[in-house]
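Take a look at the letters that make up each chain.
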Amino acid sequence: ASVMTVLLMAIGLSVAAIPESLPAIVTLTLALGSKKMLKKNALVRRLPVVEALGSVNYIVTDKTGTLTEGVMTVRNIYFQGKEYQLTGTGTNTEGKLMKDDKEIDSDELRPVLECGMYCNNAEKVDHDDSARDFRGEPTEIALLVSGLKAGLENDKERIKSIPFSSDRKRMTVVTDDKTAYMKGAPETVLEKCDRILVDGEEKELTDERREELIEQNHEYAKNALRVLGFARKNVEDVEADDDEIESEMVFLGLQGMIDPARTEVDEAVKDCRTAGIGVVMATGDNIETAKAIGEELGFDPEGALTGPELEEMSQEELEEKVKDVEIFARVSPHHKVMILQALQSHGYNVAMTGDGVNDAPALKDSDVGIAMGERGTDVAKKSSDMIL
């Protein structure tokens, strides 16, 4: 027998003779695996995951900041029935406001741009590194940058805030001049409005005008733009409850922003599928936006489902359909958990990737939770098994 055979037999016999050493050997093997992964920029937070990773046969991935760059730029604005464009990319505040290919005065768009600046938690910071000129969520940074391109300044003080949540899909602030500003998913903002700004005057928000705005929202979404709606109103009693403040508002307009897909994603999705791993995308975006970006990244838009549609399904229906769907849109954190559990019910080992607070419940419930390291939130990282 060769030396190698004798050596392998000796190791086998020693493990068999002293089984107490087995846990130590397994731990050492997993530790060596995690060391190798660290060289590939993957930090393992729980050792058993090294083994679990090898048996993953489904990946559910968040979109924004995971499949996409996470650097938003406002491209299109719809205000008072007219369409406008903004030039410039990323966080560069050099850009022009255009209409019909001609540069326009920023005052023409002031109400909708101001609303995006005031109803905003992002801030400009003085920093040597130009890539870190802003602190905050990518969406809010994009709105702040679009206001700065127009030469506007945030010169109002906030006295009340009704924060954004995954269920509400909107945020409202009240400033010191007793004005409430709201931003959020266009449909949820429209629900709270009964008037609209037209030619500088407040007009009734008729069904016809609502349809026009919803149509414009779909149009932008089909072009892979993430769209937000904006509204405001004068508040008589700033101490009123949230529902009172968020009612009978004046709709201002829409801002559509692009978040470019990461160049390497298309190839990575193909590699996973070649290896027999299913990949599905779950996002809070409008279904049209999700389909447009999903198709670009190699996901099949056929049969795409939304969060509200998942709610209406029975557990059996969901478990039956989940295997054939590659895109889930308008999902809340608990929808991601529902998708995850439906896939696990088929015996799949499911990995979840994400970077936001809303990904945390699914990261925790998955067989392998993978958080984004550079732009991931602390909550996502702490809920994960592994950080890229």
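Since the structure is predicted, the reported quantities are computational estimates derived from the model, not experimental observations.

Cut-offs used in this document
- Residues numbered from 1 in each chain as written.
- Predicted model: local features only at pLDDT ≥ 70, side-chain atom pairs only at ≥ 80, totals over all residues.
- Heavy atoms only, no water.
- Helix = DSSP H or I, 4+ residues; strand = E, 2+ residues; numbered from the N terminus.
- Buried < 20%, exposed > 50% of the residue type's maximum accessible area, 1.4 Å probe, protein only.
- Contact = heavy atoms within 4.5 Å.
- Areas by Shrake-Rupley, 256 points an atom, 1.4 Å probe, with all protein chains shown as cover.
- Lys, Arg positive; Asp, Glu negative; His and termini not counted.
- Charge placed at Lys NZ, Arg CZ, Asp CG, Glu CD.
- Core = buried A, V, L, I, M, F, W, Y, C linked by side-chain atoms within 4.5 Å.
- Axes fitted to C-alpha atoms, helices over the stretch in contact; angles between N-to-C directions.
- Parallel < 35°, antiparallel > 145°, perpendicular 65-115°, else oblique.
- Left-handed = near helix turned anticlockwise from the far one by under 90°.
- Nonpolar A, V, L, I, M, F, W, Y, C, P; charged D, E, K, R; others polar.
- Polar contact = N/O pair within 3.5 Å; in protein donor to acceptor, adjacent residues only side chain to side chain.
- Patch = residues over 30% accessible without salt bridge, like charges linked within 9 Å, V, L, I, M, F, W, Y side chains within 5 Å.
- Salt bridge = Lys/Arg side-chain N within 4 Å of Asp/Glu carboxyl O.
- Pairing = 2+ DSSP bridges.

> Would you explain the overall build of the protein in this entry?
When its secondary structure is counted, the protein shows 15 helices and 21 strands. When its C-alpha atoms are laid out on the principal axes, the protein stretches across 95 × 55 × 45 Å. When each of the 388 residues of the protein is scored for burial, the buried share is 47%. In the protein, of all internal contacts separated by at least 6 residues, the share reaching a separation of at least 24 is 61%. Surface exposure of the protein reaches about 19,600 Å², of which carbon and sulfur atoms provide 50%. Here the protein contributes 46 positively and 75 negatively charged side chains, and the mean placements of these two sets differ by 4 Å.

> Would you explain unusual backbone geometry in this entry?
Residues other than glycine predominantly adopt negative phi, and peptide bonds predominantly adopt the trans conformation. A positive phi is found at Q80, a non-glycine position, where the angle reads about 55°. You can see Q80 is positioned in the loop between β3 (73-79) and β4 (82-86). Assessed through its relative accessible area of 21%, Q80 is described here as partly exposed.

> Looking at this structure, how should I read the nonpolar core?
Nonpolar side chains in soluble globular proteins tend to be buried together. By size, the foremost hydrophobic cluster in this structure holds 52 residues, and its most contacted members are F251 and F299. Broken down by element, this core gets its largest block of residues, four residues, from strand β15 (residues 249-258). In this structure, L109, Y118, V173 and Y181 belong to the second largest nonpolar core, which totals 33 residues.

> Which parts of the structure should I look at to understand the packing of helix α7 (residues 207-222) against helix α10 (residues 287-296)?
Helix-helix packing is characterised by the crossing angle of the two axes and by the distance between the axes. Two elements in contact, α7 and α10, have axes whose closest approach is 7 Å; the angle formed by their N-to-C orientations is 15°. Our classification of the angle between α7 and α10 gives roughly parallel. Here α7 and α10 pass one another in a crossing that is right-handed. Here H218, A221 and K222 of α7 come into contact with α10, specifically with E288, T289 and A292. Residues of the contact of α7 with α10, tallied by class, amount to two nonpolar, two polar and two charged.

> What is the right way to look at the side chain of T73 in this model?
Looking at the element boundaries, T73 is found in strand β3. On the basis of relative accessible area, T73 is assigned to the buried category, the value being 5%. Within the local environment of T73, its side chain forms a polar contact with the backbone nitrogen of G90, the two atoms lying 3.0 Å apart. When residues no more than four places from it in sequence are discounted, the contact partners of T73 are G88, T89, G90, A142, K149, G256, M257 and I258.

> What's the story with a nonpolar patch on the surface in this structure? I'm lost.
Taken together, M4, L7, L8 and I11 make up a surface patch of nonpolar side chains, about 420 Å² in accessible area. Structurally, the position occupied by M4 is in helix α1 (residues 3-17). Classification of M4 as exposed rests on a relative accessible area of 54%.

> Help me out: how do you make sense of the pairing of strand β16 (residues 278-282) in this one?
In regular strands, side chains alternate between the two faces of the sheet. Among the five residues that make up β16, five are buried, leaving the element largely enclosed by the rest of the structure. Burial of β16 is two-sided: the residues G278, V280 and A282 facing one way and the residues V279 and M281 facing the other way are all buried. Relative to β16, strand β2 (residues 58-62) runs parallel, the two being bridged by five bridges. Residue I59 lies in a different strand from β16, and its bridge partner there is V279. The pairing of β16 with strand β18 (residues 327-329) spans two bridges and is classified as parallel.

> It is not clear to me how the pairing of β3 should be interpreted in this structure. Could you clarify?
Among the seven residues that make up β3, six are buried, leaving the element largely enclosed by the rest of the structure. Relative to β15, β3 runs antiparallel, the two sharing six bridges. In the strand pairing of β15, T73 is matched with I258. Strand direction decides the pairing type here: β3 and β4, joined by four bridges, are antiparallel. Bridge assignment links N76 to a residue of β4, and that residue is Q85.

> Looking at this structure, I do not really get the pattern of salt bridges. What am I missing?
When the charged atoms of two side chains lie near each other, side chains of opposite charge can form a pair. Applying the stated criterion across every chain yields a total of 18 salt bridges. One salt bridge in this structure joins R226 and D285, with 3.0 Å as the shortest N-O distance. Here D285 lies in the loop between β16 and α10 and R226 lies in strand β14 (residues 226-234), a separation of 59 residues in the sequence. Ionic contacts of the salt-bridge type, sharing partners, join the residues D62, K336 and D359 into one network.

> Just checking my understanding: could you explain the packing of helix α4 (residues 110-118) against helix α5 (residues 138-149) for this structure?
Between α4 and α5, the least distance of the axes is 8 Å, while the angle of their chain directions is 135°. As judged from the angle between their axes, α4 and α5 are oblique. At the point where α4 passes α5, the crossing takes the left-handed sense. In contact with L113, G116 and M117 of α4, α5 contributes L143, L144, S146, G147 and L148. For the contact of α4 with α5, the residue count by class is five nonpolar, three polar and no charged.

> Mind showing me how you'd approach the environment of G347 here?
Here G347 lies in the loop between α13 (333-344) and β19 (350-354). Given the relative accessible area of 56%, G347 is considered exposed. Taking the C-alpha atoms as reference points, G347 and V368, separated by 21 residues in sequence, lie 14 Å from one another.

> Just checking my understanding: could you explain the sheet that holds strand β21 (residues 386-387) for this structure?
Hydrogen bonding along the main chain pairs the strands of a sheet, whether they run parallel or antiparallel. The strand order across the open sheet built from eight strands is β1-β21-β20-β19-β2-β16-β18-β17, with neighbouring strands paired in mixed fashion. Edge strands, defined here as strands with exactly one partner in the open sheet, are β1 (43-44) and β17 (305-306).

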